[in-house]
Amino acid sequence: MNNNCIFCKIANGQIPTDFVYQSSNVVVFKDINPQAPVHLLVVPKAHIENLNVLNDKELSFELFDAIKAATKKLGISEYRCVINTGRSAGQEVFHLHIHVMAGRDFLWPAG
Ligand code: 5GP
Ligand code: ZN
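Residues numbered from 1 in each chain as written. Chains lettered and ligands numbered in written order. Predicted model: local features only at pLDDT ≥ 70, side-chain atom pairs only at ≥ 80, totals over all residues. Heavy atoms only, no water.

**A closer look at the nonpolar core**
In step 1: In this structure, Val28, Val42 and Leu63 are the most contacted members of the largest nonpolar core, which totals 15 residues.
In step 2: Elements supplying a minimum of two residues to this core: strand 2 (26-30), strand 3 (38-44), helix 2 (57-73) and strand 5 (98-102).
In step 3: Per-element accounting of this core gives the leading share, five residues, to helix 2.
In step 4: When neighbours within four sequence positions are excluded, Leu63 is seen to be in contact with Val26, Val42, Val43, Pro44, Leu54, Leu96 and Ile98.
In step 5: In this structure, Phe7, Cys8, Ala11 and Val43 belong to the second largest nonpolar core, which totals nine residues. (Core = buried A, V, L, I, M, F, W, Y, C linked by side-chain atoms within 4.5 Å. Buried < 20%, exposed > 50% of the residue type's maximum accessible area, 1.4 Å probe, protein only. Helix = DSSP H or I, 4+ residues; strand = E, 2+ residues; numbered from the N terminus. Contact = heavy atoms within 4.5 Å.)

**Here we look at the packing of aromatic side chains**
In step 1: With the rule as written, the count across this model stands at two aromatic pairs.
In step 2: Note on Phe7 and Phe29: the rings are 5.6 Å apart at their centroids and 85° apart in plane angle, and the pair reads as edge-to-face. One end of the pair, Phe7, is in helix 1 (residues 6-11); the other, Phe29, is in strand 2, with 22 residues separating them in the sequence.
In step 3: Between Phe19 and Phe29, the aromatic rings sit 6.4 Å apart at their centres with planes inclined by 50°, giving tilted as the arrangement. You can see Phe19 sitting in the loop between helix 1 and strand 1 (21-22) and its partner Phe29 sitting in strand 2, a full 10 residues away along the chain.
In step 4: Judged by relative accessible area, which is 26%, Phe19 ranks as partly exposed.
In step 5: Clustering of aromatic rings is evident, with ring pairs tying together Phe7, Phe19 and Phe29. (Phe/Tyr/Trp six-rings, centres within 6.5 Å; stacked < 30°, edge-to-face > 60°.)

This is the structure we're talking about:
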């Protein structure tokens with residue numbers, strides 16, 4: 001738990017948030033500034049700065065499992081996942097999160 005981190009506060013219940021899904025070590029909630037009709041954030045409860053420092057195999061699986069469980073719960077089978085890693089890649093919140101977006105067509109290659 002990092003007291004200066006907004007996602008630590010959300011994931012650990014200090015900021016009341018409706019979770020779309022949660023498991024032992026992962027929460028899923030809606031992005032405050034959605035870039036698609038559905039825009040979820042899949043977030044470990046532990047403060048992990050970004051993907052470069054994720055080294056827990058079980059948690060890695062739990063994150064992927066949470067993507068599947070949350071989308072299934074919402075009846076979604078087509079979606080895009082994004083992990084911004086580092087400032088130049090667009091990371092603004094330095095607590096690992098997977099963006100899961102759905103409900104519109106997405107361009108590829110991404111800009
Ligand atoms: P990043 O740019 O780090 O990959 O993504 C951070 C995301 O977190 C952004 O899409 C932003 O809208 C979202 N976000 C930032 N602060 C909050 C918050 O307090 N609540 C929620 N639900 N989302 C947030
Ligand atoms: Zn954090």
